[in-house]
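# Inside the fold
Below, each chain spelled out in residue letters.
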Amino acid sequence: MEEIKNRLVAAWSMFGNNTHATPFRATKIEFACLQIRKILELIALASLSANKEEYSKQHANFFKHWRAKAILEAVEKVNPNFYPTPTEEVGDPNGEMRDLRMLAEGFLTKEEFSMVYDLCSQTLHASNPYGEKTDHPFLEKEIPGWLEKIKKLLNTHMVILHNKRESLWIILRSQEDGKVRGSIFKKIEDPTPENMAEAEKRRINHLANKQK
């Protein structure tokens, strides 16, 4: 995730105030597309590593997988819930995190993942002088939106592991030091109206005690 964060910064440096932009539009676009492609591959590999044991039972040669789309399809067969679930922190009036809320829109979806990956991959190959030209103005317009969607996907997100009783909660940039932070959540028991009510009661008591 640290590498993903660094590559997001590198890709963004081609836009905005253009302090690190290359002299040519084509090379600027290609550099950003290279970073995005690597970011998407790293997202897929992160999902893969979280399910390595089970995945390796199905594919002994999984280290040879390098295409992001192929990795996504392979991991999905093992764990349909592998794709990051973007969340946002909900705070109380004192600025303390109170809850997590799943995002409904604005992030990179699985369908967009494959589309963006394919477009970026095509950009990194030399154009056929007799074929369709790379649409640099289109890419220049779309790339900032892709980067923003990737950021929203990963800012704070959860990944459900294959056993469905554990999940990883990741913060891409912590408030303390700006580094990636993560926690493992374990499902203790299946939710029921009774234990959900008890959990809510404990949460309210916890917040009340913190305010004393």
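This text gives an overview of the structure that appears in the document. (Residues numbered from 1 in each chain as written. Predicted model: local features only at pLDDT ≥ 70, side-chain atom pairs only at ≥ 80, totals over all residues. Heavy atoms only, no water.)

Each disulfide is one covalent bond, formed between the sulfur atoms of two cysteines. Counted under the stated rule, the structure contains zero disulfides. Between C33, a free cysteine, and C120, which holds the nearest cysteine sulfur, the sulfur-to-sulfur gap is 3.8 Å. Classification of C33 as buried rests on a relative accessible area of 0%. (Disulfide = S-S within 2.5 Å. Buried < 20%, exposed > 50% of the residue type's maximum accessible area, 1.4 Å probe, protein only.)

Between helix α1 (residues 2-12) and helix α6 (residues 136-154), the least distance of the axes is 11 Å, while the angle of their chain directions is 155°. When the axes of α1 and α6 are compared, the pair comes out roughly antiparallel. Between α1 and α6 the crossing geometry is left-handed. Counted together, I4, L8, A11 and W12 of α1 and P144, L147, E148, I150 and L154 of α6 form the full contact between these two elements. When the residues that make up the contact of α1 with α6 are grouped by side-chain class, the tally is eight nonpolar, no polar and one charged. (Axes fitted to C-alpha atoms, helices over the stretch in contact; angles between N-to-C directions. Helix = DSSP H or I, 4+ residues; strand = E, 2+ residues; numbered from the N terminus. Parallel < 35°, antiparallel > 145°, perpendicular 65-115°, else oblique. Left-handed = near helix turned anticlockwise from the far one by under 90°. Contact = heavy atoms within 4.5 Å. Nonpolar A, V, L, I, M, F, W, Y, C, P; charged D, E, K, R; others polar.)

This part is about the packing of helix α4 (residues 68-78) against helix α5 (residues 110-123). Taken N-terminus to C-terminus, the directions of α4 and α5 make an angle of 155°; their axes are 9 Å apart at the nearest point. The angle between α4 and α5 falls in the class roughly antiparallel. For the pair α4 and α5, the contacting residues are A68, K69, L72 and E76 in the first and K110, F113, S114 and Y117 in the second. Partitioning the contact of α4 with α5 into residue classes produces four nonpolar, one polar and three charged.

Now for the pattern of salt bridges. Per the stated rule, a full pass over the model turns up nine salt bridges. E140 is the partner of K28 in a salt bridge, and the nearest nitrogen-oxygen pair spans 3.0 Å. Residue K28 is located in helix α2 (residues 25-50), and its partner E140 is located in helix α6; the two are separated by 112 residues in the primary sequence. Exposure remark for K28: the relative accessible area of 10% places this residue in the buried category. Here E112 ties to K149 by a salt bridge, and the two come within 2.6 Å at their closest N and O atoms. (Salt bridge = Lys/Arg side-chain N within 4 Å of Asp/Glu carboxyl O.)

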